[in-house]
Amino acid sequence: MRLTQGIHRAVQIHADHPALLADGFDLSWRQFADRVARLAGVLIDHGVEPGGRVAMLAANSPRYVEFYFATLWAGGVMVPVNTRWAIPEKVHCLNDSGATVLLVDTAAHGDVPALRDACPALAHVIHADDGDAGGFGDYEALLAAREPVPDAERGGDDLAALFYTGGTTGRSKGVMLSHCNFLANSMTALVNLGIRQHSVHLHVSPLFHVAGGSRVFTTTVAGGTHATIPRFEPELFLEAVQRYRVTVTVVVPAMLNALLDYPHLDRFDLSSLELLTYGASPMPEALLRQTMERLPGIRFLQSYGMTELSPVATSLAPRYHVFDGPDAGRVRSAGQAVYNADVAIMDEHDRPLPTGQVGEVCVRGPMVMQGYWRQPELTAEALRNGWMHTGDAGYLDADGFLFLVDRVKDMIVSGGENVYSAAVENVIHQFAGVHECAVIGVPSERWGEAVHAIVVPRGGAGIDADALLAHCRGYLA
C-alpha cells in the first residue's frame, strides 16, 4: 500500500478528469501526475534520497498538493511547517527533522535568511509560488527543465510524513506517520464521507495540519478533484464553493462562526455542497443549530481524533445531527469508533472503565502513529500497552458513542469536584448574545480552583453577567 498509488489509478481510469483546481490552475490527472514526477526529479537532483526529509513553508496552494506527492514519489518524507510559528519554532522543526530542501511561498521569503543561518542541514530553497523567485530556485522553471522520474514506490510502514504538534508541554514533537497510517484513515474516510471520483474537495484547512492534509490523500485515493484556496476568508471560501462546484470540505467551528456572521452568505450558490465536516475543537450545540438552520440542504459530519491518529478515531454521521426524535442528544457526542479503530476509556492505571465512567480516551488500530521522531521516552509514554493515550477525558455510552468532557490535564478541580470546561462552555454558548467563550481554572484560596469564563459578545452587544450566571445555574451543578 502506497500513497502515490491513487495517482496511477486515476491516470489509468480517467486521465483527463479534473485533478486540481485553483486560481490559475486547471490540471487533469494526466497533467498532475506529470508535474508530480517532474518535481520528484527536481528533489532528487537536490540531493533527496529515500527517507530524506523535504519541508514546505507556505499557505495552501496547488503546489502544496504537488509537494505532498512529489516528496513521496521521490521516496522522501514530507515535513509541513506551520506558517503561524515564530522563527525559533520553525528552526526547531527544520533542525529536528533534518530537512535538506525547503519549499516556500512569497510570504515566507523574509524568513529564509534566518532559517538558513540557523539550520545547517538546509541546503536548498525553492520558490513555490507565482512571481519573482527572489534568488531561490524557481519551481516552474525547474519543473520545465526536468524529465519525469519513475515513482520510488515506497509504501507500507515506510515513513511518509512528520507532522509537528504540541509545544505547550515542551518542545514540538514530530509525529511519525507512515503510508499505511494515512491509508488506514483514507479507507474509513471513503466510507464515512462518501468521497468518490465525482467529489470535489476544497482544501481550506491548513495543509500543514494533518486534518487538512489527510483529505489530500483520501481525495487522491478516490480519484476525485482537489480545489485549493490560500486561506479561510468567508467570501473567498464561498466563492470557491460556487466556482468549483465543491461537494465536500472540512472546517473548524470558528470558521462556521465567521460564515454565519458574514452578511452576504445568502448571495452564493452552495447547491453543490453535499457534506460539511468539522472537528479539531469542540462544537457548541448552539452554533451547530444556527449553521444547520442557515444551510438546510447540507449534511453535517463530525470527526474526532488527533495528529497521532492520522487523524480520525471516531465519527458522528449525518443521521445523528438531529435535535428531536430517538437520536436526539447524539449530536453532543463525538460519534462512534471508525471501522478500523478500537476506542476505550482507561483509568490512571490503564484499566478499562465501564460504560458511563469518565477516564482517558485511548485508541488502537492501524491509524496509530509509529511514534515521536527521535523521542523514544515520549513515544513509550503515549503508546502504552499498544494503546495511544490521547490525553482527552471522556466516556462511552451504552451504544458506543464517545462523549468528550475535557483534556485530562485541563480538568478543573474545584472544592474536590471535577469540572470539565467543555461542559460549561456548551451551556454558556446557549445564552443569547454569546459569540465565543473559553472556560479555565483559576487559583482560589477557598476552592483550590475556581471556574472562570471569558466571554465574547456577539456583534458588540452587552451581556449581563448576573443573567448569564443565572442561566448557567439552570444547567450546571
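Higher on the page you've got the structure.
Residues numbered from 1 in each chain as written. Predicted model: local features only at pLDDT ≥ 70, side-chain atom pairs only at ≥ 80, totals over all residues. Heavy atoms only, no water.

### Some words on the pattern of salt bridges
Side chains carrying opposite charge are able to pair once their charged atoms draw close together. Condition: We define a salt bridge as a contact between a side-chain nitrogen of Lys or Arg and a carboxyl oxygen of Asp or Glu at a distance within 4 Å. Secondary structure follows DSSP: runs of H or I at least 4 residues long count as helices, runs of E at least 2 residues long count as strands, and numbering of each begins at the N terminus.
The tally for this structure, following the rule as stated, stands at 24 salt bridges. Close ionic contact of Arg243 with Asp23 constitutes a salt bridge, the shortest N to O distance being 3.9 Å. Remark: Asp23 occurs in the loop between strand S1 (18-22) and strand S2 (25-28) and Arg243 occurs in helix H9 (residues 234-244); sequence separation between them is 220 residues. Here Arg35 ties to Glu66 by a salt bridge, and the two come within 2.6 Å at their closest N and O atoms. Of this pair, Arg35 sits in helix H2 (residues 29-45) while Glu66 sits in helix H3 (residues 62-73), and the two are 31 residues apart along the sequence.

### Comments concerning the packing of aromatic side chains
Geometrically, a pair of aromatic rings is defined through the distance of the ring centres and the angle of the planes. Under the convention used in this document: Pairing of aromatic rings covers Phe, Tyr and the six-membered ring of Trp, with a centre-to-centre limit of 6.5 Å; geometry is then stacked below 30 degrees between planes, edge-to-face above 60, and tilted otherwise. Residue exposure (1.4 Å probe, protein chains only): buried if accessible area is under 20% of the type maximum, exposed if over 50%, otherwise partly exposed. Lysine NZ or arginine CZ positioned within 6 Å of the ring centre and within 35 degrees of the ring normal marks a charge as sitting over the ring.
This model, assessed by the stated rule, comprises 13 aromatic pairs. For the pair Tyr68 and Phe217, a centre-to-centre distance of 5.5 Å together with 45° between the ring planes defines the contact as tilted. Of this pair, Tyr68 sits in helix H3 while Phe217 is found in helix H8 (residues 210-222), placing the two residues 149 residues apart along the sequence. Accessibility expressed as a relative area gives 1% for Phe217, which makes it buried. Here the aromatic rings of Phe182 and Phe217 are separated by 4.7 Å at their centres, their planes lie at 50°, and the arrangement is tilted. With Phe182 in helix H7 (residues 179-193) and Phe217 in helix H8, this residue pair connects regions lying 35 residues apart in the sequence. Sitting above the plane of the Tyr139 ring, Arg63 keeps its charged end 5.6 Å from the centroid.

### Describing the packing of helix H1 (residues 5-14) against H8
Packed helix pairs are characterised by how far apart their axes lie and by the angle those axes make with each other. As a reminder, the rule being used: All axes here are fitted lines through C-alpha atoms, helices being fitted over the stretch that makes contact, and every angle between N-to-C directions spans 0 to 180 degrees. Take the far helix as your reference; a near helix turned counterclockwise from it by less than a right angle gives a left-handed crossing, and one turned clockwise gives a right-handed crossing. Note on definitions: a residue-residue contact is assigned when non-hydrogen atoms from the two residues lie within 4.5 Å. The nonpolar class holds Ala, Val, Leu, Ile, Met, Phe, Trp, Tyr, Cys and Pro. Asp, Glu, Lys and Arg form the charged class, and all remaining residues, Gly among them, are polar.
At a minimum axis distance of 7 Å, the contact between H1 and H8 shows a crossing angle of 35°. The two elements H1 and H8 meet at a crossing, and its hand is left-handed. Taking contact as the criterion, the partners of Gly6, Ile7 and Arg9 in H1 are, on H8, Thr220, Val221 and Ala222. Taken together, the residues of the contact of H1 with H8 break down into 3 nonpolar, 2 polar and 1 charged.

### Focus on the nonpolar core
Under the convention used in this document: Take the buried residues of types Ala, Val, Leu, Ile, Met, Phe, Trp, Tyr and Cys, join any two whose side-chain atoms come within 4.5 Å, and each joined set is a nonpolar core.
Counting 80 residues, the largest nonpolar core has Phe32, Tyr68, Phe69, Leu103 and Phe182 as the members making the most contacts within it. Look past the residues within four positions of Tyr68 in its chain and what remains in contact with it is Met78, Phe163, Leu207, His209, Gly213, Val216 and Phe217.

### Some details on the layout of surface pockets
Here is the rule we go by: Buried and open spaces are told apart on a 1 Å grid over the protein atoms alone, a cavity being a set of points where a 1.4 Å probe fits but cannot get out and a pocket being an open set with protein on both sides within 12 Å along at least five of seven lines. Residues with an atom within 4 Å of a point are the lining residues. Grid points are joined across faces, edges and corners, and a volume is the space filled by probe spheres set on the points.
Estimated volume of the second largest pocket: approximately 430 Å³. As for the second largest pocket, its lining consists of 21 residues, and the residues nearest its centre are Asp23, Asn60, Pro62, Ile229 and Pro230. Counting residues per element, the ones that place at least two in the lining of the second largest pocket are H3 and H9. A class-by-class count of the residues in the lining of the second largest pocket yields 11 nonpolar, 3 polar and 7 charged.

### A look at the pairing of S2
Applicable threshold: In this analysis, strands are considered paired if DSSP registers two or more bridges between them.
The sheet contact formed by S1 and S2 spans 4 bridges and is antiparallel. When the sheet's bridge partners are listed, Pro18 is paired in S2 with Ser28. Between the end of S1 and the start of S2, which pair antiparallel, lie 2 residues, with Gly24 showing a positive phi angle near 90°.

### Some points on the packing of H7 against H8
Put simply, the rule reads: By definition in this entry, angles of less than 35 degrees are roughly parallel, angles greater than 145 are roughly antiparallel, angles of 65 to 115 are roughly perpendicular, and the rest are oblique.
Running from N to C, H7 and H8 cross one another at 75°; their axes reach a closest spacing of 9 Å. Overall, the two elements H7 and H8 adopt an arrangement that is roughly perpendicular. Contacts between H7 and H8 involve Phe182, Leu183, Asn185, Ser186, Met187, Ala189, Leu190 and Leu193 from the former and Val210, Ser214, Arg215, Phe217, Thr218, Val221 and Ala222 from the latter. In terms of residue class, the contact of H7 with H8 is built from 10 nonpolar, 4 polar and 1 charged.

### A word on the sheet that holds strand S15 (residues 312-316)
Read across the sheet, 9 strands follow the order S2-S1-S11-S10-S12-S13-S14-S15-S16 without closing on themselves; strand pairing throughout is mixed. Sheet topology places S2 and strand S16 (336-337) at the edges, where each strand pairs with a single neighbour. Taken together, the 4 bridges between strand S12 (residues 248-251) and strand S13 (residues 275-278) define a ladder with parallel strand orientation. In the sheet register, Val248 faces S13, and the bridge partner there is Leu275.

### A few points about unusual backbone geometry
Here Ser310 and Pro311 are connected by a cis peptide whose omega angle stands at 0°. Take Pro311: it is sitting in the loop between strand S14 (299-305) and S15. Phi angles above zero are rare outside glycine, and Arg245 is one such case at about 55°. Of note in this structure, Asp350 is not a glycine but carries a positive phi near 60°. Counting through the fold element by element, Asp350 comes out in the loop between strand S17 (342-346) and strand S18 (359-364).

### Looking at the sheet that holds S17
Taken together, the 4 strands give an open sheet; going across it, the order is S17-S18-S20-S21, and neighbouring strands pair in antiparallel fashion. In this open sheet, the two edge strands, each paired with only one partner strand, are S17 and strand S21 (402-407). Neighbour-to-neighbour, the strand axes of this sheet turn through a mean angle of 50°, independent of strand direction. Pairing of S17 with S18, which is carried by 5 bridges, proceeds in the antiparallel orientation. Bridge assignment links Met346 to a residue of S18, and that residue is Glu360.

### Quick look at the side chain of Arg53
To be explicit about the condition: Identification of polar contacts relies on pairs of N or O atoms within 3.5 Å, with a donor-acceptor requirement for protein atoms, meaning one able to donate a hydrogen and the other able to accept it, and with residues adjacent in sequence counted only if both atoms are side-chain atoms.
Locating Arg53 in the fold gives a position in strand S3 (residues 53-57). Of note is the side chain of Arg53, whose polar atom sits 2.9 Å from the backbone oxygen of Gly51.

What is shown is where atoms sit, not what they do.
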